[in-house]
Amino acid sequence: MTEFREAISVSGLPQEEGTQALYFHVGRGYMRTIDGAWREAGTVTRITVSADLPGLYAKLERVRVFDGETCIFEGPLHNLEGVEYAHPEKAEGQS
């Protein structure tokens, strides 16, 4: 069974010069391109980190960001700039 760690926020580097960097924080809204323009799209409800991404020699860590039951972002942890983890007592109450 896959073990999940709860996170509070994740951030990444801009993919191209002049673009916004990736940033998601639990409880805050997020933006995405809708009809060709950046618009408010919803609220981040959960961020998880798990070691279940198939790698060349071992499992890699994967980050998933959710808006309700919908996964709005998924990527390998090693491609992100940083992750802020939830306090263990807070994470237990979120399951």
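All values derive from a computational prediction rather than experimental measurement.

## Here's the deal with the overall build of the protein chain
Moving on, step 1. From N to C terminus, the protein chain includes 1 helix and 8 strands.
Moving on, step 2. Counting from the amino terminus, helix and strand elements in the protein chain follow one another as β-β-β-β-β-β-β-β-α.
Moving on, step 3. Pairs at least 24 apart in sequence give 36% of the contacts found in the protein chain among residues at least 6 apart.
Moving on, step 4. Put simply, the protein chain shows about 6800 Å² of open surface, and 50% of that area lies on carbon and sulfur atoms.

## Quick look at the packing of aromatic side chains
Moving on, step 1. The final tally for this structure, using the stated rule, is 2 aromatic pairs.
Moving on, step 2. A ring pair is formed by Phe24 and Tyr30, whose centres lie 6.2 Å apart and whose planes are at 65°; its orientation type is edge-to-face.
Moving on, step 3. Between Phe24 and Phe73, the ring centres sit 5.7 Å apart and the planes meet at 35°, which makes this aromatic pair tilted. Linking Phe24 in strand 2 (residues 23–25) with Phe73 in strand 7 (residues 70–76), this pair joins segments that are 49 residues apart in sequence.
Moving on, step 4. Through a chain of ring-to-ring contacts, three or more aromatic side chains come together here, namely Phe24, Tyr30 and Phe73.

## Looking at the pairing of strand 5 (residues 46–54)
Moving on, step 1. In this sheet, strand 5 lies alongside strand 1 (residues 4–11) in antiparallel orientation, the contact comprising 4 bridges. Bridge pairing in strand 5 places Phe4 opposite Ser50.
Moving on, step 2. With 7 bridges joining them, strand 5 and strand 6 (residues 59–67) adopt antiparallel strand pairing. Directly across from Thr48, in strand 6, lies its bridge partner Arg64.
Moving on, step 3. In this antiparallel pair of consecutive strands, strand 5 and strand 6, the connection spans 4 residues.

## What about the environment of Tyr30?
Moving on, step 1. Position of Tyr30 among the secondary structure elements: in strand 3 (residues 29–34).
Moving on, step 2. C-alpha of Tyr30 to C-alpha of Val44: the two residues are 14 residues apart in sequence and 6.9 Å apart in space.
Moving on, step 3. Other than its neighbours up to four places away in sequence, Tyr30 contacts Phe24, Arg39, Glu40, Ala41, Gly42, Thr43, Val44, Asp67 and Ile72.

## Section: the environment of Gly68
Moving on, step 1. With respect to the helices and strands, Gly68 occurs in the loop between strand 6 and strand 7.
Moving on, step 2. Here Gly68 falls in the partly exposed class, since its relative accessible area comes to 38%.
Moving on, step 3. For the pair Gly68 and Val44, spaced 24 residues apart in sequence, the C-alpha separation works out to 7.6 Å.

Reading the values: rules and limits
Residues numbered from 1 in each chain as written. Predicted model: local features only at pLDDT ≥ 70, side-chain atom pairs only at ≥ 80, totals over all residues. Heavy atoms only, no water. Helix = DSSP H or I, 4+ residues; strand = E, 2+ residues; numbered from the N terminus. Contact = heavy atoms within 4.5 Å. Areas by Shrake-Rupley, 256 points an atom, 1.4 Å probe, with all protein chains shown as cover. Phe/Tyr/Trp six-rings, centres within 6.5 Å; stacked < 30°, edge-to-face > 60°. Pairing = 2+ DSSP bridges. Buried < 20%, exposed > 50% of the residue type's maximum accessible area, 1.4 Å probe, protein only.

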